[in-house]
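# Summary of structural features
Here's the letter readout for the chains.
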Amino acid sequence: MAETTLTETTVAEVMAELAELEDPKIREVNERHGDDHGVNLSKLRALAKRLKTQQELACRLWGTDDTAARLLAILICRPKAFERDELDVMLREARTPKVHDWLVNYVVKKNPHAEGLRLAWSADPDPVVASAGWALTTERVAKKPEGLDLAGLLDLVEAEMKDAPARLQWAMNHCLAQIGIERAEHRARAIDIGERLQVLKDYPTPPAAHLRSRPSGSPRWYADSTVSRKLRAHARAAAAVRRSSTG
């Protein structure tokens, strides 16, 4: 009982510190993107660094249902300590985009149940949950594509992405771009799907970032400097092959 009381006191202290970090201007900007907190993320990370890893505290902070507290919980938790059902519940409780994204990227991807959750979430009727499944699929495309039906994934993207809700559409589009970046044999089709559907054609992107200087269905990833370098390298290699084959 004494340990529980100590933890609860710590939660109260952390919540008070988060309240002191609240900035109305940051909250105003975040709320435009669906995130209901006003804490500078650099200061939040500094607080997490000071607290270090504390799994029990992380779980109690998550239980507050406060967005800033949940982001802090993600930073101080032990990702591998969660059971599959716990992560499933947490994802469905993650109300805001930032909490959802951090939970998937900082916790679920490092958890041994990630693959099972990827399969379950990808087929979930809730589009927000399904978007997490697609995010995990994108991770596999990049790091462990063996066993994935990439052609089948492109079929799904082509058939369903255009009319998908926003967050699911974004996740599917990321997977489409990743397939095109990582897999030369699927690149032409991935580019074709992206350019035909153009689901993010109005997303602000520097013109020079677009592949071949044309509108792209995957602006976020083509704009990334590392990705741009990869695509340019692929283009140079392909051009070299064409030159050598034509004598």
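It should be noted that the structure appears before, not after, this text.
Here we summarise the structure given alongside this text. (Residues numbered from 1 in each chain as written. Predicted model: local features only at pLDDT ≥ 70, side-chain atom pairs only at ≥ 80, totals over all residues. Heavy atoms only, no water.)

## A few points about the overall build of the protein chain
Scanning the protein chain from N- to C-terminus turns up 14 helices and zero strands. Ordered by position in the sequence, the α and β elements of the protein chain form the string α-α-α-α-α-α-α-α-α-α-α-α-α-α. When each of the 247 residues of the protein chain is scored for burial, the buried share is 42%. A fraction of 62% describes how many contacts in the protein chain between residues 6 or more apart in sequence connect residues 24 or more apart. Taken as a whole, the protein chain presents about 13400 Å² of accessible surface, with 53% of it coming from carbon and sulfur. (Helix = DSSP H or I, 4+ residues; strand = E, 2+ residues; numbered from the N terminus. Buried < 20%, exposed > 50% of the residue type's maximum accessible area, 1.4 Å probe, protein only. Contact = heavy atoms within 4.5 Å. Areas by Shrake-Rupley, 256 points an atom, 1.4 Å probe, with all protein chains shown as cover.)

## Here's the deal with the packing of helix α9 (residues 127-143) against helix α11 (residues 166-182)
Two measures define how a pair of helices packs: the angle their axes make with one another and the distance between the axes. Packing of α9 against α11 brings their axes to within 8 Å, and their N-to-C directions diverge by 10°. In terms of orientation, α9 lies roughly parallel with respect to α11. Counting all contacts with α9, which are made through P127, V128, A130, S131, W134, A135, T137, T138, V141 and A142, the residues of α11 involved are R167, L168, A171, M172, H174, C175, Q178, I179 and E182. Partitioning the contact of α9 with α11 into residue classes produces 12 nonpolar, five polar and two charged. (Axes fitted to C-alpha atoms, helices over the stretch in contact; angles between N-to-C directions. Parallel < 35°, antiparallel > 145°, perpendicular 65-115°, else oblique. Nonpolar A, V, L, I, M, F, W, Y, C, P; charged D, E, K, R; others polar.)

## Side note on helix α10 (residues 150-160)
All of the buried residues in α10 are L150, G152, L153, L154 and V157. Looking at the buried residues of α10, the elements they touch are α9, α11 and α12 (184-197).

## Concerning the packing of aromatic side chains
For the structure shown, the criterion picks out one aromatic pair. Between W102 and Y106, the aromatic rings sit 5.2 Å apart at their centres with planes inclined by 45°, giving tilted as the arrangement. With W102 and Y106 both in helix α7 (residues 97-107) and four residues apart, the pair spans about one turn of that helix. The exposure class assigned to W102 is buried, which follows from its relative accessible area of 5%. The ring of W62 has R70 sitting right over it, with the charged end atom 4.4 Å from the ring centre. (Phe/Tyr/Trp six-rings, centres within 6.5 Å; stacked < 30°, edge-to-face > 60°. Lys NZ or Arg CZ within 6 Å of the ring centre and 35° of its normal.)

## A closer look at the side chain of T67
Its location among the elements puts T67 in helix α5 (residues 67-76). Apart from the residues lying within four places of it in its own chain, the contact partners of T67 are D36, H37, R95, T96 and V99.

## Re helix α4 (residues 55-62)
Among all positions in α4, only Q55, L57, A58, L61 and W62 are buried. The arc enclosing the buried residues of α4, seen along the axis, measures out at 160°, which places them on a common side. (Arc of directions from axis to C-beta.)

Purely spatial values, then, with no claim about function.
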